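Listed here are the chains, written in short residue letters.
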Amino acid sequence: MISAEDLAFDATHIWHPYTSLTSPLPVYGIESAQGCELTLSDGRVLIDGMASWWACIHGYNHPRLNAAIADQLSKMSHVMFGGITHQPAIDLAKLLVEITPDALETVFFSDSGSIAIEVALKMALQYWVGGGKRDRNQFVTVRGGYHGDTYHAMSVCDPIGGMHSLFASSLPKYLFADRPKIQFNQSWNESDFESLRSLVIQNSQVVAAIVLEPIVQGAGGMYFYHPTYLRRVRELCDEVGCLLILDEIATGFGRSGRLFAMEYGDVVPDILCLGKALTGGYMTLGATMTTRAVANGISAGGVLMHGPTFMGNPLACRVALESLRLLLSMDWLGEVKRIEAGLRRGLEAARGGLGVADVRVLGAIGVVEMNEPVDVAVVQRELVQRGVWVRPFGKLVYVMPPFCISDKQLVCLTRAIVEVCEL
Ligand SMILES: *Cc1c(COP(=O)(O)O)cnc(C)c1O
């Protein structure tokens, strides 16, 4: 049980994500987590709808992941990656190369999703330096995107919903096209692609890469766009000769109903970013993968200028390897389809409700979009009272539960959301 005194200490001394230290939002003490449940320090048990922000795909305290990490811990928890290699990194890289499209052959391990993006952006720039085309130093993306909180990742996040206004005077200014308007299961219309196409054509000589979340725009609005859009992006990159960076940090490892969301468009990027569920939510780890052509291009200009202290951390690599093996050994698609059906069934009741703008589901992702931003403190309290853990942001009340959530838990989760959205 976390004491009132400790909670007061937390409120005055510890930063939480996107909060003020002078008027912090309430936080809930967690004692332990098991399967798809979080136990609060006051003993209440909550059904987890968030998978700790996309990461905990197998649920918490998984015996196989625990055993893998304990085994690695008994050998070494960390060792520098400069001049050293180890089996967990090699085995994980082998498996990543195997399960991603054939063209993606090389792996750079880093600390987190944002850093995987930083590395991808550096790779693209260094690729053009290596090719003698230093003028190709611009990034193009769409509005509504999210690629992380570090400085350069921020520069390709949505310029309105992101943090551009705060840092406008010092943030690099890149090129933003309209967000894709045609949703995942609407019928395709070429006009949706015009904004991005004309922007890239106008700047074709200076674009280093197009940066995009495939199919699912996550923290930028929980929005699912049409697979043909993604296909057109790849064609356009080929036409103007720029690189394509796909950010599968949120969507990777089955979440969208494909192992990788890019598969919906049958698209292969030049650079792929992974994170979040990579370790099954146990540790922080990012990976940036490239084609041989990109790797050779970078290397023609010298060395890749990145090398974090905790690069290729053995504990993280070992648990990621186990998480991936576990995923591939189970019927993950069956589970995701089951969750998709449960979310559709359960959340549909919210549609048409006063204040509800839209309800959408793709794979194991469910979204209720409200007309107005929700009062997080109030909504969170109401959800906790109903026994579920959901963290809304802005106008969005959304879930992406661990794949082990039961049908019964799904009913409780969606019922609580529908009730709270009706308040
Ligand atoms: C979360 C996220 C990131 C950033 O990852 P961190 O591990 O939080 O740095 C980047 N891109 C997408 C699509 C994400 O969802």
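For the structure, check the block above.
Calculation notes
Residues numbered from 1 in each chain as written. Predicted model: local features only at pLDDT ≥ 70, side-chain atom pairs only at ≥ 80, totals over all residues. Heavy atoms only, no water. Salt bridge = Lys/Arg side-chain N within 4 Å of Asp/Glu carboxyl O. Buried < 20%, exposed > 50% of the residue type's maximum accessible area, 1.4 Å probe, protein only. Helix = DSSP H or I, 4+ residues; strand = E, 2+ residues; numbered from the N terminus. Near = heavy atom within 4 Å. Polar contact = N/O pair within 3.5 Å; in protein donor to acceptor, adjacent residues only side chain to side chain. Areas by Shrake-Rupley, 256 points an atom, 1.4 Å probe, with all protein chains shown as cover. Nonpolar A, V, L, I, M, F, W, Y, C, P; charged D, E, K, R; others polar. Phe/Tyr/Trp six-rings, centres within 6.5 Å; stacked < 30°, edge-to-face > 60°. Pairing = 2+ DSSP bridges. Axes fitted to C-alpha atoms, helices over the stretch in contact; angles between N-to-C directions. Contact = heavy atoms within 4.5 Å. Core = buried A, V, L, I, M, F, W, Y, C linked by side-chain atoms within 4.5 Å.

Asker: Explain the pattern of salt bridges to me, using residue names and the numbers behind them.
Answerer: Per the counting criterion, the structure on display carries 22 salt bridges. Of the charged contacts, one joins D42 and R44 as a salt bridge, the two residues approaching to 3.0 Å between their closest N and O atoms. Using a relative accessible area of 41% as the deciding quantity, one classes D42 as partly exposed. Here R292 and E105 are joined by a salt bridge, their closest N and O atoms 3.1 Å apart. Of this pair, R292 sits in helix α10 (residues 292-300) while E105 sits in strand β4 (residues 104-110), and the two are 187 residues apart along the sequence.

Asker: Give me the lowdown on the site of the ligand, citing residues and values where you can.
Answerer: Taken together, S112, G113, S114, Y146, H147, G148, E213, D247, I249, A250 and K276 form the complete shell of residues around the ligand. Contact between the ligand and G113: an oxygen atom at 2.9 Å from a main-chain N or O atom of the residue. Taking S114, its side chain carries an N or O atom lying 2.6 Å from an oxygen atom of the ligand. For the ligand, whose free accessible area comes to 380 Å², the fraction covered by protein is 83%. Of the residues assigned to the shell around the ligand, the class counts are 3 nonpolar, 5 polar and 3 charged.

Asker: So, the packing of aromatic side chains: which residues are in play, and what are the values?
Answerer: Counting across every chain of the model gives 10 aromatic pairs. When the centroid spacing of 6.4 Å and the interplanar angle of 80° are considered together, the rings of W188 and Y229 count as edge-to-face. Here W188, found in the loop between β6 (175-177) and α8 (194-202), pairs with Y229, found in helix α9 (residues 227-240); they are 41 residues apart in sequence, far enough to count as distant. Aromatic pair Y225 and Y229: ring centres 5.4 Å apart, planes at 75°, arrangement edge-to-face.

Asker: Which residues make up the sheet that holds strand β11 (residues 271-274), and what values go with them?
Answerer: As summarised here, the arrangement of the 7 strands in space is β4-β12-β11-β10-β7-β5-β6, forming an open sheet in which the pairing is mixed. In this open sheet, the two strands that pair with only one neighbour each are β4 and β6. Put simply, the sheet's adjacent strands are angled 20° from each other on average, direction ignored. Note that strand β5 (residues 138-142) and strand β7 (residues 207-212) share 3 bridges and pair parallel. When the bridges of β7 are listed, Q138 appears paired with V207. Against the sheet, helix α4 (residues 87-99) touches β4, β11 and β12 (286-291), its axis set at about 135° to β4.

Asker: Explain the sheet that holds strand β16 (residues 396-399) to me, and be specific about the residues and the numbers.
Answerer: Spatially, the 3 strands line up as an open sheet ordered β13-β14-β16, and their pairing is antiparallel. Every other strand in the sheet has two partners, leaving β13 (356-362) and β16 as the edge strands with one partner each. Direction aside, the axes of adjacent strands within the sheet are offset by 10° on average. Pairing geometry for β13 and strand β14 (residues 365-370), over 6 bridges, is antiparallel. Each bridged residue has a counterpart across the sheet, and for L362 the counterpart in β14 is I365. Helix-sheet contacts for helix α12 (residues 332-347) involve β13, β14 and β16, and the interaxial angle to β13 is about 165°. The sheet contacts of helix α14 (residues 407-422) involve β13, β14 and β16, and relative to β16 the element is tilted by about 175°.

Asker: Which residues make up the nonpolar core, and what values do they have?
Answerer: Counting residues in each nonpolar core, the largest one holds 105 residues, and the members touching the most others are L96, L196, F253 and I417. Here the element with the most residues in this core is α14; it accounts for 7 residues. Non-local contacts of F253, meaning those with residues more than four positions away in its chain, are made with I57, L96, I99, L259, F260, L274, G275, A277, L278, L324, L327 and F403. With 26 residues, the next largest nonpolar core counts A120, Y174, L243 and C273 among its residues.

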